[in-house]
Amino acid sequence: MQEPISTGTDRLELMQTFVRIVEAGSLSAAAAQLGASQPTVSRRLQALERLLGLKLLRRSTHAMTLTEDGARCYDKARDLLQDWQALEDDLRGAGQAPQGLLRVVVPHAFGQRQLMEPMADYLRRYPQVSVDWLLHEREPDFVADNIDCAIHVGTVMDPSVVAVQIAEVPRIVVGAPELLEGREAPDAIETLRALPWLAINLFYRNDISLTHRQDGRQCHFQIRPRLSTDSLHALRTAALAGLGACIASAWLVAEDVAAGRLLHLAPDWRATPLPVHLIYPPARHQPAKLQRFIELMRLAGANMAGVEPLRGRAG
């Protein structure tokens, strides 16, 4: 039985489905994101094509491509849906009542240790919003994975996204007491060169660059890490085991340094702090759920333990 096409609401639903098919890359992925069956999504696509009298997609067993008419339809449908959402939000006062599902990509360690509290605060403030809290280190695909925003630690390389800096992460050199074999913790940079090293290959792997906190002197030397990893938790565990010195985010090892499990080596020297950004795709309209999340994360960045605020700089 074909779905009827009789009202503006029906037409909006057909366009929403079409846009989701294009952005998800397949009917099955679109169905999963929409919470509908694949046959329902297929019927809606066919209904929109009948309504417009146009072929929008070419489908084969292994591929799906937009026709020329489909590409024009997608661009205009996406803009129309954003304008419609903006109208709804304005008329319903959605700026004061965010609602819906917010999908956020967050780095594993940072998302577990630093951002759970502000995320919980966000949910308490806005009971009509639910959150998909997705912990991984991959660059988010905002369109294909239907992601609203992401927290990114480090330099943002993608010029196509909006990046709001919310904080900076200080990085210090640490090592376990047994690494020094009874010697005093080094306070001079030369002593560090002879130590075995661990590396976090998201930010450094084969060389170390440090800056003196008082006079700005810089030091650079090569390392051959005994262990290289993409996990902050694995880096910390290896350092605690005495396998080598490492450059670690200050917040990650603050409790270990305070308890003496790790030593702050050459405390006058630091690696370049890592910027923390909230990134999201540009759009003419931001839903209230995203606007409020951005605002809350900017406030949270000034209060995270072991993370430096921006000292009044614009994000």
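Residues numbered from 1 in each chain as written. Predicted model: local features only at pLDDT ≥ 70, side-chain atom pairs only at ≥ 80, totals over all residues. Heavy atoms only, no water.

An unreviewed UniProt entry annotates the protein as LysR family transcriptional regulator originating from Pseudoxanthomonas winnipegensis.

Chemist: In this structure, what is going on with the layout of surface pockets? I would like to understand it.
Modeler: The probe, sized like a water molecule, is rolled over the atoms to show the empty space still left. Within this model, the second largest pocket holds a volume of roughly 460 Å³. Every element with two or more residues in the lining of the second largest pocket is listed here: β3 (100-106), α5 (108-113), β5 (149-153), α8 (232-240) and β13 (269-280). Grouping the amino acids of the lining of the second largest pocket by side-chain chemistry returns 15 nonpolar, eight polar and four charged. (1 Å grid on protein atoms, 1.4 Å probe; cavity = no way out; pocket = protein on both sides within 12 Å on 5 of 7 lines; lining within 4 Å. Points joined across faces, edges and corners; volume = space filled by probe spheres on them. Helix = DSSP H or I, 4+ residues; strand = E, 2+ residues; numbered from the N terminus. Nonpolar A, V, L, I, M, F, W, Y, C, P; charged D, E, K, R; others polar.)

Chemist: It is not clear to me how the side chain of serine 249 should be interpreted in this structure. Could you clarify?
Modeler: Looking at the element boundaries, serine 249 is found in strand β11 (residues 246-249). Excluding its chain neighbours within four sequence positions, the residues that come into contact with serine 249 are Val169, Pro170 and Arg171. (Contact = heavy atoms within 4.5 Å.)

Chemist: Teacher, can you tell me more about the pattern of salt bridges here?
Modeler: A side chain with one charge may pair with a side chain of the opposite charge, provided their charged atoms come close. The tally for this structure, following the rule as stated, stands at nine salt bridges. As a salt-bridge pair, glutamate 13 and arginine 44 come within 3.6 Å of each other at their nearest N and O atoms. Pair noted here: glutamate 13 is in helix α1 (residues 8-24) and arginine 44 is in helix α3 (residues 38-52), with a separation of 31 residues, a long-range link. Owing to a relative accessible area of 31%, glutamate 13 belongs among the partly exposed residues under this scheme. For aspartate 69, the salt bridge goes to arginine 72, with nearest N and O atoms at 2.5 Å. A residue pair is termed a helical-turn pair when its members lie 3 or 4 positions apart in one helix, as aspartate 69 and arginine 72 do in helix α4 (residues 68-92) at three residues. Residue arginine 72 is classed as partly exposed on the basis of its relative accessible area of 47%. Through salt bridges that share partners, Arg236, Asp256 and Arg261 make up one connected network. (Salt bridge = Lys/Arg side-chain N within 4 Å of Asp/Glu carboxyl O. Buried < 20%, exposed > 50% of the residue type's maximum accessible area, 1.4 Å probe, protein only.)

Chemist: It is not clear to me how the nonpolar core should be interpreted in this structure. Could you clarify?
Modeler: As a rule of thumb, soluble globular proteins bury nonpolar side chains together. Counting residues in hydrophobic clusters, the biggest one holds 64 residues, and the most contacted among them are Leu192, Trp197 and Leu210. For this core, the element with the highest residue contribution is strand β6 (residues 162-175), accounting for seven residues. Among all residues touching leucine 210, those that are not within four sequence positions of it are Val173, Ile189, Leu192, Arg217, Gln218, Cys219, Phe221, Ile247, Trp269, Arg270 and Ala271. Met15, Val22, Ala47 and Leu56 belong to the second largest nonpolar core, which has 21 residues in total. (Core = buried A, V, L, I, M, F, W, Y, C linked by side-chain atoms within 4.5 Å.)

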